[in-house]
Amino acid sequence: MNNLVAIEDLNPKKDNILRIEWNLGKRCNYNCSYCGNELHDKSSQHMSMDVFENTIDQIKAGSDKKIKISFTGGEPFVNPNFVDMLKYAKENGVHRCSVTTNGSPPMKIYEKALPYLHYVVISYHFEFAYHEKVINNIVAIHKLIEQYKENGDYKGM
């Protein structure tokens, strides 16, 4: 794991947290004019589950801190294994997971992912987003989080 780099802030409250922003790949279902080809495409390979699991295992083995991972991309949800990746991370000691998404996946995908996420950031891409769909997803995600709160299952921040 020679390429792993961690930068931590000087806040003593956060000294026990290793924060990682993990770009899972360039694959994206949008082609926004302001996002260059070096940041996204529709053809690069998805990260494999084996590579993901090995990386999580190495991160856990290399740190005694709580691990917080923010997943980005491209669009993380275009990886067909992304929900399984979230599940693996949570089941293997990752303290908190979050994702930045363009809001385009169907709500049923978010429903599967939310039990493994502490928060979701929706990055609105005006050139390609179906406005109503993104708004409906935001409202539905909020309602689902409220249900989790009522059941005592909400992980919070």
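Please refer to the structure higher up on the page.
As a starting point, this report considers the structure included with it. This one's a predicted model, so the numbers in the text were calculated from it and none came from an experiment. (Residues numbered from 1 in each chain as written. Predicted model: local features only at pLDDT ≥ 70, side-chain atom pairs only at ≥ 80, totals over all residues. Heavy atoms only, no water.)

**Observations concerning helix H1 (residues 49-61)**
1) Next: Between its first and last C-alpha atoms H1 spans 18 Å; for 13 residues at 1.5 Å apiece the expected length is 18 Å, and the two agree.
2) Next: Taken as a whole, H1 has its buried residues at Met49, Phe52, Thr55, Ile56 and Ile59. Viewed along the axis of H1, the buried residues span an arc of 130°, placing them on a single side of the element. In H1, the exposed residues that point more than 90 degrees away from the buried face are Asp50 and Ala61.
3) Next: Here the buried face of H1 lies against strand S1 (17-23), strand S2 (66-72) and helix H2 (82-91). (Helix = DSSP H or I, 4+ residues; strand = E, 2+ residues; numbered from the N terminus. Expected span 1.5 Å × (residues − 1). Buried < 20%, exposed > 50% of the residue type's maximum accessible area, 1.4 Å probe, protein only. Arc of directions from axis to C-beta. Contact = heavy atoms within 4.5 Å.)

**Observations regarding the pattern of salt bridges**
1) Next: Per the counting criterion, the structure on display carries three salt bridges.
2) Next: Between Glu91 and Lys87 there is a salt bridge; the shortest N-O distance is 3.9 Å. Of this pair, Glu91 and Lys87 both sit in helix H2, four residues apart, roughly one helical turn.
3) Next: With its nearest N and O atoms 3.4 Å apart, the salt bridge here joins Lys149 to Glu146. Of this pair, Lys149 and Glu146 both sit in helix H4 (residues 131-151), three residues apart, roughly one helical turn. (Salt bridge = Lys/Arg side-chain N within 4 Å of Asp/Glu carboxyl O.)

**Structural notes on the pairing of strand S3 (residues 96-101)**
1) Next: Counting buried positions over the six residues of S3 gives five, a clear majority of the element.
2) Next: Bridging between S2 and S3 involves four bridges; their strand directions are parallel. Within S3, the position partnered with Phe71 by the bridge is Val99.
3) Next: With H2 bridging S2 and the parallel S3, this β-α-β connection has right-handed handedness.
4) Next: Pairing of S3 with strand S4 (residues 119-122) involves four bridges; the strand directions are parallel. Each bridged residue has a counterpart across the sheet, and for Thr101 the counterpart in S4 is Ile122. (Pairing = 2+ DSSP bridges. Right-handed = clockwise from strand over helix to strand, strands pointing away.)

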